[in-house]
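# Report on the structure
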Amino acid sequence: MTEKRIKKALISVYHKEGLEEILKKLHQEGVSLISTGGTQAFIESLGIPCEAVEALTGYPSILGGRVKTLHPKVFGSILTRRGNESDQREIEQYHIPEVDLVIVDLYPFAETVAAGADEAAVIEKIDIGGISLIRAAAKNFRDVVIVASRVQYATLMLMLEEKGATTGLEERRWFAKEAFAVSSAYDTAIFNYFDRGEDSAFRVAVNEPKLLRYGENPHQKGIFFGKFDDMFDQLHGKEISYNNLLDIDAALSLIDEFDEPTFAVLKHNNACGLASRPALLEAWKDALAGDPVSAFGGILVTNEVIDRQVAEEIHKIFFEVIIAPDYLTDALEALEQKKNRIILLRKQGGLQKRQYRSLLNGVLLQDRDMSRRTDGSPEPMTQKRPDEREMEDLLFADKIVKHSKSNAITLVKNKQLCASGIGQTSRVDALKQAIEKAHSFHFDLRGAVMASDAFFPFADCVEIAAEAGITAILQPGGSVNDRLSVEYCDAHGISMVKTGVRHFKH
């Protein structure tokens, strides 16, 4: 028989919010309640009778509340199989009732850690009884409903309103699945606290799945797990896609490098235009000038509030997504003229400091590339030193090349991206691509600077750069042939600095 009637419920919750209507409905349906301490007092304050767990077990709560529900009569009442004759004889022999519904809200372990509590307080928020109740009830889902989180209260209430105190097998199976998700996430948080960044195992739990229209391509399934709404308010536009999410992540990583008013245009996770200017409108115009062709269908991101004047200029081109910390009302009116255009308001908070991806049936984990230079700290390699303007541009170019797919070269002049060469198998090809693109959009590279994500194995890149008019170069250094590049620069009046930090990105 798949339909089961709820006759008795055990309730053990840390937070009482959202429970009142459920309790009243259960009482209305004739369900008897069992509970512990504070939860029992809360239930009785609503005028609903409630049996104390201590009355069932014959034992009081002990060890400062550490042991309340850990008793054979409690777990026997949950785990007994209704159709098993041996189970039924035993619960009759030991006077164990049958519990049909368990509602649990665990101690807030992760929240306590996030609040910076000391270890003693954190340890006391490791729930023992609650997690055991969840697992027991979920295991016996054929007979028992388990509600393991306040997130599921609405679903339970809807079921009670539609069907009364009757549940179906598929409903109980769904609640069991959700319960094991809660328990595994809870244990993951505890493990990661004790692991203290030693990476002795890889454990991640994310409980917010969002089914996407498709994955990278229409024939691939795509799902995003994460709290997107914690980072953004979507003010307008169509549903965000898998590829949109990749670009949005790349856009945030890039824009967070800049403190001045900056606009960037990205395509396939790479910057195709970027400029910093005192006025945002000028930053937009110069960012677009970097590659107005690739900007079509791109992702726009800025670190400044967008006003009407800027919005009207932006509106002249087709783009998929725009991200900004805020928009003036009349700016939104201009931008919302395209119904599918995705407009995101970025909230406070940055990206997590670790990255991981799946490959070879395993997981690759690394620290996010957080290296950031804000002053003239790169080490000179040549006789000629960069002047102040060149050094500013070199640091600017380094920020962009750091977020470009390898092999990567960026060309910058006056805090404007002239062109990038990205994703090439040869660094020479990356440079040639950048120079050709810059010339195609009529940039004068005389006096421009160049940044490379990795060292130059030979002097060929600096030779090509010199011919194009590049006057200053930034690279990580470290090649056995650095001397060849330095000698060429010295002979041709070019300054070169090294950072000692490589920025491969794949």
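One can find the structure itself at the top, above this paragraph.
In what follows, the accompanying structure is described.

How each quantity is defined
Residues numbered from 1 in each chain as written. Predicted model: local features only at pLDDT ≥ 70, side-chain atom pairs only at ≥ 80, totals over all residues. Heavy atoms only, no water. Helix = DSSP H or I, 4+ residues; strand = E, 2+ residues; numbered from the N terminus. Rg over C-alpha atoms; globule rule 2.2 N^0.38 Å. Buried < 20%, exposed > 50% of the residue type's maximum accessible area, 1.4 Å probe, protein only. Contact = heavy atoms within 4.5 Å. Areas by Shrake-Rupley, 256 points an atom, 1.4 Å probe, with all protein chains shown as cover. Lys, Arg positive; Asp, Glu negative; His and termini not counted. Charge placed at Lys NZ, Arg CZ, Asp CG, Glu CD. Pairing = 2+ DSSP bridges. Axes fitted to C-alpha atoms, helices over the stretch in contact; angles between N-to-C directions. Arc of directions from axis to C-beta. Salt bridge = Lys/Arg side-chain N within 4 Å of Asp/Glu carboxyl O. Polar contact = N/O pair within 3.5 Å; in protein donor to acceptor, adjacent residues only side chain to side chain. Phe/Tyr/Trp six-rings, centres within 6.5 Å; stacked < 30°, edge-to-face > 60°. Lys NZ or Arg CZ within 6 Å of the ring centre and 35° of its normal.

Looking only at helices and strands, the protein chain has 19 helices and 23 strands in total. For 506 residues, the compact-globule estimate of 2.2 N^0.38 gives 23 Å, and the C-alpha radius of gyration of the protein chain, at 31 Å, exceeds that figure by more than 25%. Principal-axis analysis of the C-alpha atoms places the extent of the protein chain at approximately 95 × 50 × 40 Å. Here the protein chain holds 506 residues, and 49% of them are scored as buried. Partitioning the contacts of the protein chain with sequence separation of at least 6, the portion at a separation of at least 24 is 57%. About 24700 Å² of surface is accessible on the protein chain, with carbon and sulfur atoms providing 51% of the total. Looking at the protein chain, you have 61 positive and 74 negative side-chain charges, and the mean spots of the two groups are 4 Å apart.

What follows deals with the sheet that holds strand E3 (residues 32-35). If you trace the five strands from one edge of the open sheet to the other, you get E4-E3-E2-E5-E6, paired in parallel fashion. Strand pairing shows two members of the sheet lacking a second neighbour, strand E4 (51-52) and strand E6 (145-147), which therefore form its edges. Note: strand E2 (residues 8-13) against E3, four bridges, orientation parallel. Within E3, the position partnered with Lys 8 by the bridge is Ser 32. Against the sheet, helix H8 (residues 129-139) engages E2, strand E5 (101-105) and E6, with an angle of about 145° to E5. In the packing of helix H9 (residues 153-163) onto the sheet, the strands contacted are E2, E5 and E6, and the crossing angle to E5 comes to about 155°.

Below, the discussion takes up H9. Residues of H9 that are buried: Tyr 153, Leu 156, Met 157, Met 159 and Leu 160. Buried residues of H9 fall within an arc of 160° about the axis and therefore sit on the same side. Looking at H9, the residues exposed on the side facing more than 90 degrees away from the buried face are Ala 154, Glu 161 and Glu 162. Elements that come into contact with the buried residues of H9 comprise E2, helix H1 (20-28), E5, E6, strand E7 (166-167) and helix H10 (169-195). Positive backbone phi, approximately 70°, marks Gly 164, located one or two places after H9.

According to the stated counting rule, one finds 31 salt bridges in the structure shown. When the shortest N-O distance is used, the salt bridge between Arg 5 and Glu 29 registers 3.5 Å. Placement of the pair is Arg 5 in strand E1 (residues 4-5) and Glu 29 in the loop between H1 and E3, with a sequence separation of 24 residues. Judged by its relative accessible area of 21%, Glu 29 is partly exposed. Ionic pairing is found between Asp 105 and Arg 150, a salt bridge with its closest N-O pair at 3.6 Å. Pair noted here: Asp 105 is in strand E5 and Arg 150 is in the loop between E6 and H9, with a separation of 45 residues, a long-range link. Since its relative accessible area comes to 7%, Asp 105 is described here as buried. Within the structure, one salt-bridge network assembled from shared partners comprises Glu 3, Lys 163 and Glu 171.

This part covers the sheet that holds strand E21 (residues 449-452). The strand order E18-E23-E22-E21-E19-E20 describes an open sheet built from six strands, whose pairing is mixed. Since the sheet does not close on itself, it has two edges, and those belong to strand E18 (379-380) and strand E20 (417-421), each with one partner. Alignment of E18 against strand E23 (residues 495-498), held across two bridges, turns out to be antiparallel. Paired with Pro 380 across the bridge in E23 is Val 497. The strands touched by helix H17 (residues 427-440) are strand E19 (409-412), E20 and E21; relative to E20, the strand with the most contacts, the crossing angle is about 145°.

To continue, consider the pairing of E19. Where burial is concerned, the two faces of E19 agree: the one with Ile 409 and Leu 411 and the one with Thr 410 and Val 412 are both buried. Bridge count between E19 and E20: four bridges; the pairing is antiparallel. Its bridge partner lying in E20, Val 412 is registered against Leu 417. The turn joining E19 and E20, which pair antiparallel and follow one another in sequence, is formed by four residues; a positive phi near 55° is taken by Asn 414. Bridge count between E19 and E21: four bridges; the pairing is antiparallel. Looking at E21, one finds that Val 412 is bridged to Val 449.

To continue, consider the side chain of Ser 149. Within the secondary structure layout, Ser 149 lies in the loop between E6 and H9. Engagement of the side chain of Ser 149 in a polar contact is seen with the backbone nitrogen of Val 151, the distance being 3.1 Å. If near-sequence neighbours (up to four positions away) are discounted, Ser 149 is found in contact with Val 104 and Val 182.

What follows covers the packing of aromatic side chains. Under the criterion given, the structure shown has 11 aromatic pairs. When the centroid spacing of 5.8 Å and the interplanar angle of 90° are considered together, the rings of Phe 109 and Tyr 193 count as edge-to-face. Taken together, the residues span a long stretch of sequence, with Phe 109 in helix H6 (residues 109-114) and Tyr 193 in helix H10 at a distance of 84 residues. Take Phe 109 and Tyr 193: they sit in the same class, and that class is buried. Joined through ring pairs, the aromatic side chains of Phe 109, Tyr 186, Tyr 193 and Phe 194 make up one cluster. We note Arg 196 situated over the ring of Tyr 193; from NZ or CZ to the ring centre the distance is 5.2 Å.

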